[in-house]
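So the chains spell out like this:
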Amino acid sequence: MKLSMIRSACSSLRIHPRSRVSGLSRRCLPVGPASSRLILRAASDAASRGTNPKLADHFGNQSRKEDGFECDSSLREVVQSTKEAMVALQRRNPSIQPLLAIVQAGEDDSLLEINKKMAGKIGLNITQICLAKECSEDEIVEEVLKLNEDPRVHGVYLHLPPLALTTRVLDTLKPEKDIDGISDLNMGRLVRGDLSKGFVSPVASAILDLLEKHDAPLEGKTVLLVGGEGPLGLALQCLIERSGMVALKSNWNPKSLQRQVMQADAVVLLEEGNMDVPPTWFRPGAAVIRCVPTLESGEHALEMSSKSGLGYLTAAYRAQNVVHSCSRWIQEQQYRPWRLRSLKLQPLMPVPSDIEISRAQIPKPVDQLAQEVGLLPEELEAYGRSKAKVRLSLLERLHTQPDGKYILVAGITPTPLGEGKSTVTIGLVQALSAHLKLNSFACLRQPSQGPTFGVKGGAAGGGYAQVIPMEEFNLHLTGDIHAITAANNLVAAAIDARMLHEATQSDKALFNRLVPSVNGVRRFSPIQISRLHRLGINKTDPASLTQEEVSTFVRLDLDPSKITWQRVVDTNDRFLRKITVGQASTEKGQIRETGFDIAVASEIMAILALADSLEDMKNRLARMVVGTSRSGQPVTTEDLGVSGALAVLMKDAIKPTLMQTLEGTPVFVHAGPFANIAHGNSSVLADKLALKLVGRDGFVVTEAGFGADIGMEKFFNIKCRASGLRPNVVVLVATVRALKMHGGGPNVSAGAPLPKEYIDENLSLVSGGCHSNLRKQIQIAHLFGVPVVVALNVFKTDTEAEIDLVCQIAKECGASDAVPCHHWAQGGRGSLKLAQAVNEAASRASNFQFLYNIEMPIAEKIRTIAQKVYGADDIELSPAAKAKINYYNQQGYSSLPICMAKTHLSLSHMPDKKGAPTGFVLPIRDVRASIGAGFIYPLVGTMSTMPGLPTRPCFYDIDLDPATEEITGLF
């Protein structure tokens, strides 16, 4: 094709379109395909300006074929390749429909015509956002932000006056949706030659295409770009030079322009100058393309654009960019290999305090960590620089991704000092990821502030195996426990308020207030209709209820003596264990005894840990039983009408929090239920998210509270039933000091000096503990068919002989392997042997099985745990426990799993009985139910759900430097 002169409107220079609703913005309906604003002058117009009429007519005649769609081979090639890309894209993803959004000033719908036709050919959808002609920068930014966050939109075309394309507007537009390539990042990618993620201006692509199709090859020839200092000129210059041509730039300078034009093999006029360029200036056979602002509008401009090949070619390239953007978006949704950058450790001796170690390491920005482990920006909700919530949409995005290997860290029966399960968990993932270069995630419980300010301290690990920043981990985190506290106490307030109103109002008055008339219309709320259905009243019109039905509906008739719900606070406060409420005169004598639990003992915390979706959490919250009516019927939060509000309070808490270890490996922190009256494990959702992220060959390491007889047993029988997940390996944490205690050593107390038996070498005590408690805990794990690796958490007082003895006996007792761990002093490098042992054990098949059939009678399930796990001869049910079991059977709760509430300091119910006691009967004094969480919990002895403060709590040492805002004293 001989190309002469094409006069067109440059895409960055617009007509002022007519506006039907002046001064208003509107969002036009989606209409089909994309649109261009390139309005080309007719060939006859070009001829009237002195261009070669023969060549101009030749081009014009070609472009009129089939209303411009078969204008030339370039257009056919671009359309065909884009259609093929669309077919391939939709073959793999049938539900995906690429969408182009056009933002324009004014309401000229003629803008859509070219793009509608082009989109119809290719199969795109478009939507048009029409702002007011004189729209402000804020209005443009607002629309662009909406389009940025709309996953249905794959390309945004800002069809705005040049002055409206401010730096702020361009910086707001996401580069991955900038299909016109005008953002700074996309321009930079073009200049650098990296087009793997960016986009090239469709106008520039169309002009280059026409230049390359010129009859005389232009490779090595000179192309003069006249005017155009903006993105289009820069894009053209880059493309021309990359195509083997020489690009020269010129302004509208009459002294030099004629000479430059006469020497050029091709001329592109990028803007209207202050002078006309006579046709005599152009060399014979030169390609001339004129991009100038047009003054035409309306039907005349549209008619001419339909005769132009460049307009359609530009629209085709824009559509191609949209399809490419959609393809990249789909690719981004796939699983991405990790590119984890570990943080270097330089361990010191002696080992500094935990907070000093934490503060000495600068954590990676959380968005960087998220990117390294394959999270998308839209899946992250940052809470400051070092932590972020992760959205559950990740599970849907990676639902076809195979899970990684699932590792549980449990422990032998601990001393009151704890044996370091958290440090082992963190040391293990540091070794796996930072040293063996295997993907791994730690999933930890969020610590309660009660122990943090009480006696135990924080739970971020310790030494060189910590989650950082440790002060953020231990204090508030992202507010999940505060959300649980608010939700729990809302239920408590609803209970007392409902009892007061029922005691002081008639049925009619209660009904009128519960179902008020609004504008003369009385309607039940959805939660009230649910209550009616549970009562067997299938009516939706409040006026149709009988007097008896009204009474049944409005009266929960809670028995004050059988209310099981208590208020909570996240502080160790012994004086709140039993309180009296309702003593003010305004409560009209509604006085009753109740109490407070610590926040993490709330059933809502257990629900958070066991829910596998937002819907599941909402349903569990609705099923929570708060008490019993005087007729003996359970009363739920849904009966109170409060369950929907609870879901609202908990909607953000359900998202796990992403943090990192000292060596920069990822950690999910989520939920922290008590391990005595609840199951003592981090959340199901954190584990599921992590298992998808690590990939098939990665590892998710999670921790169970207390000893294996409590935390591990509940992990298997409760958490694994709820999640459907199956563990590959159990890491059983032991310490020499705990084994000495189980071998007959003296008692250990927190805050008191260790007796000399725990400091000096004593192989006899170590052997006794190994052959009793350690052997029993390994056997418990084998009951579930899971291999065991024993991790000996080494302290500086341990001798080599003691360490070797523990590892030897552990293997003799059935452990797959047993290794010493030095992570506290060395970080991940100190747990390399453990990581290798776990990797080896996880490569073997696991024959996981539950301990009991869920349909067994409640008493039999309790007996199975007592005999097989604790070593009891039998159980003894108190009369109260038997009555409760009968009640739960009547209510249909008999198929729930069992969550035993007993001391963690012994395998038996007697804290002083160490080792592996036998010959005892386990007394069950009461049986309670967490129906929302989904388990029955028998009480073995007295269980305190509100700890107290010691004589000298940790808070004596905790302080803040007001100048630096640094915290001291946390551990």
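Student: So, the overall build of the protein chain: which residues are in play, and what are the values?
Tutor: Within the protein chain, the regular secondary structure consists of 35 helices and 35 strands. Split into buried and exposed, the 971 residues of the protein chain put 58% on the buried side. Considering only residue pairs separated by 6 or more positions, the protein chain has 76% of its internal contacts joining residues 24 or more positions apart. Carbon and sulfur atoms make up 52% of the accessible area of the protein chain, which amounts to about 39200 Å² in all.

Student: Describe a nonpolar patch on the surface, and please don't skip the residues or the numbers.
Tutor: A surface patch of nonpolar side chains, about 210 Å² in accessible area, is lined by L417, L754 and I759. Mapped onto the elements of the fold, L754 is located in the loop between α29 (736-742) and α30 (763-783).

Student: How would you explain the side chain of K177 if you had to name every residue and give the values?
Tutor: Mapped onto the fold, K177 is located in the loop between α6 (167-172) and α7 (184-192). Put simply, K177 is tucked away with no salt bridge, and the nearest opposite charge, on D150, sits 6.1 Å away. Within polar-contact distance, the side chain of K177 engages the backbone oxygen of L147 at 2.7 Å. Within the structure, K177 has its side chain in polar contact with the backbone oxygen of N148 (distance 3.0 Å). In contact with K177, other than residues within four places in its own chain, are L147, N148, E149, D150, V153, H154, G155 and V156.

Student: Before we move on, could you go through helix α24 (residues 614-623) and cite the residues and values that matter?
Tutor: Burial in α24 covers these residues: D616, M617, R620, L621 and A622. Residues of α24 that are buried in the fold lie against α23 (603-610), β23 (634-636), α25 (637-640), α26 (643-650) and α28 (708-723).

Student: So what's going on with the pairing of strand β15 (residues 465-468)? Which residues, and what values?
Tutor: Burial along β15 is two-sided: A465 and V467 and Q466 and I468, pointing in opposite directions, are all buried. Pairing geometry for strand β14 (residues 461-462) and β15, over two bridges, is antiparallel. Bridging from a neighbouring strand, G462 pairs with A465 of β15. Linking two consecutive strands that pair antiparallel, namely β14 and β15, is a turn of two residues; a positive phi of about 60° is found at G463 within it.

Student: I'd like a description of the side chain of T413, backed by residues and values.
Tutor: Counting through the fold element by element, T413 comes out in the loop between β12 (405-411) and α16 (421-435). Residue T413 is classed as buried on the basis of its relative accessible area of 0%. For T413, the side chain forms a polar contact with the side chain of N773, separated by 3.0 Å. With residues up to four places along the chain from it excluded, the contact list for T413 reads D709, A738, M741, H742, N773, Q777, H904, L905, S906 and L907.

Student: Describe the layout of surface pockets, listing the residues and the values that go with them.
Tutor: Here the second largest pocket defines a volume of roughly 1700 Å³. If you trace the second largest pocket, you find 50 residues lining it, with E332, Q333, R336, L376 and E378 closest to the centre. Mapped by element, the contributors of at least two residues to the lining of the second largest pocket are α5 (137-149), α7, α12 (309-333), α14 (366-372) and α15 (393-397). Among the elements that take part in the lining of the second largest pocket, α12 stands out by supplying seven residues, more than any other. For the lining of the second largest pocket, the residue count by class is 17 nonpolar, 15 polar and 18 charged.

Student: Could you give an account of unusual backbone geometry, naming the residues involved and the relevant values?
Tutor: Most peptide bonds are trans, and most residues other than glycine sit at a negative phi. P350 follows M349 through a cis peptide bond whose omega is -5°. Considering the arrangement of structural elements, one finds P350 in the loop between α12 and α13 (354-360). Positive phi is not limited to glycine here, since N519 has a value of about 55°. Relative to the assigned elements, N519 resides in the loop between β16 (517-518) and β17 (521-522). Judged by its relative accessible area of 80%, N519 is exposed. Positioned with a positive phi, D557 is a non-glycine residue whose angle comes to about 55°. Within the fold, D557 resides in the loop between α22 (547-554) and β18 (567-569). What makes D557 partly exposed here is its relative accessible area of 31%.

Student: Help me get a handle on the packing of α28 against α30, residues and values and all.
Tutor: With their axes 10 Å apart at the nearest point, α28 and α30 run at an angle of 10° to one another. As far as their axial angle goes, α30 and α28 are roughly parallel. Only Q777, I780 and A781 of α30 make contact with α28, whose side of the interface consists of A708, D709 and M712. Here the contact of α28 with α30 is built from residues that sort into four nonpolar, one polar and one charged.

Student: Mind laying out the packing of aromatic side chains, listing which residues take part and the relevant values?
Tutor: Per the stated rule, a full pass over the model turns up 15 aromatic pairs. Judged by centre distance (6.2 Å) and plane angle (75°), the rings of F511 and F524 are edge-to-face. With F511 in helix α20 (residues 507-514) and F524 in the loop between β17 and α21 (526-534), this pair connects stretches of sequence that are 13 residues apart. The exposure classification of F511 matches that of F524, with both residues buried. Taking the centre distance of 5.4 Å and the plane angle of 70° together, the rings of F524 and F553 count as edge-to-face.

Student: Describe the nonpolar core, with residues and values.
Tutor: If you look at soluble globular proteins, the nonpolar side chains tend to sit buried side by side. Core analysis: the biggest nonpolar cluster contains 149 residues, and M650, L658, F668, F716, L774, L922 and I924 have the highest contact counts within it. Within the second largest apolar cluster, 55 residues are counted, among which are I126, L210, L225 and L239.

Student: Got a sec to walk through the packing of α20 against α22? Specific residues and values, please.
Tutor: The N-to-C vectors of α20 and α22 enclose an angle of 65°; their axes lie 9 Å apart at closest approach. Put simply, α20 runs roughly perpendicular to α22. At the point where α20 passes α22, the crossing takes the left-handed sense. Contacts between α20 and α22 involve D507, L510, F511 and L514 from the first element and Q547, V550, S551, F553 and V554 from the second. For the contact of α20 with α22, the residue count by class is six nonpolar, two polar and one charged.

Reading the values: rules and limits
Residues numbered from 1 in each chain as written. Predicted model: local features only at pLDDT ≥ 70, side-chain atom pairs only at ≥ 80, totals over all residues. Heavy atoms only, no water. Helix = DSSP H or I, 4+ residues; strand = E, 2+ residues; numbered from the N terminus. Buried < 20%, exposed > 50% of the residue type's maximum accessible area, 1.4 Å probe, protein only. Contact = heavy atoms within 4.5 Å. Areas by Shrake-Rupley, 256 points an atom, 1.4 Å probe, with all protein chains shown as cover. Patch = residues over 30% accessible without salt bridge, like charges linked within 9 Å, V, L, I, M, F, W, Y side chains within 5 Å. Salt bridge = Lys/Arg side-chain N within 4 Å of Asp/Glu carboxyl O. Lys, Arg positive; Asp, Glu negative; His and termini not counted. Polar contact = N/O pair within 3.5 Å; in protein donor to acceptor, adjacent residues only side chain to side chain. Pairing = 2+ DSSP bridges. 1 Å grid on protein atoms, 1.4 Å probe; cavity = no way out; pocket = protein on both sides within 12 Å on 5 of 7 lines; lining within 4 Å. Points joined across faces, edges and corners; volume = space filled by probe spheres on them. Nonpolar A, V, L, I, M, F, W, Y, C, P; charged D, E, K, R; others polar. Axes fitted to C-alpha atoms, helices over the stretch in contact; angles between N-to-C directions. Parallel < 35°, antiparallel > 145°, perpendicular 65-115°, else oblique. Phe/Tyr/Trp six-rings, centres within 6.5 Å; stacked < 30°, edge-to-face > 60°. Core = buried A, V, L, I, M, F, W, Y, C linked by side-chain atoms within 4.5 Å. Left-handed = near helix turned anticlockwise from the far one by under 90°.

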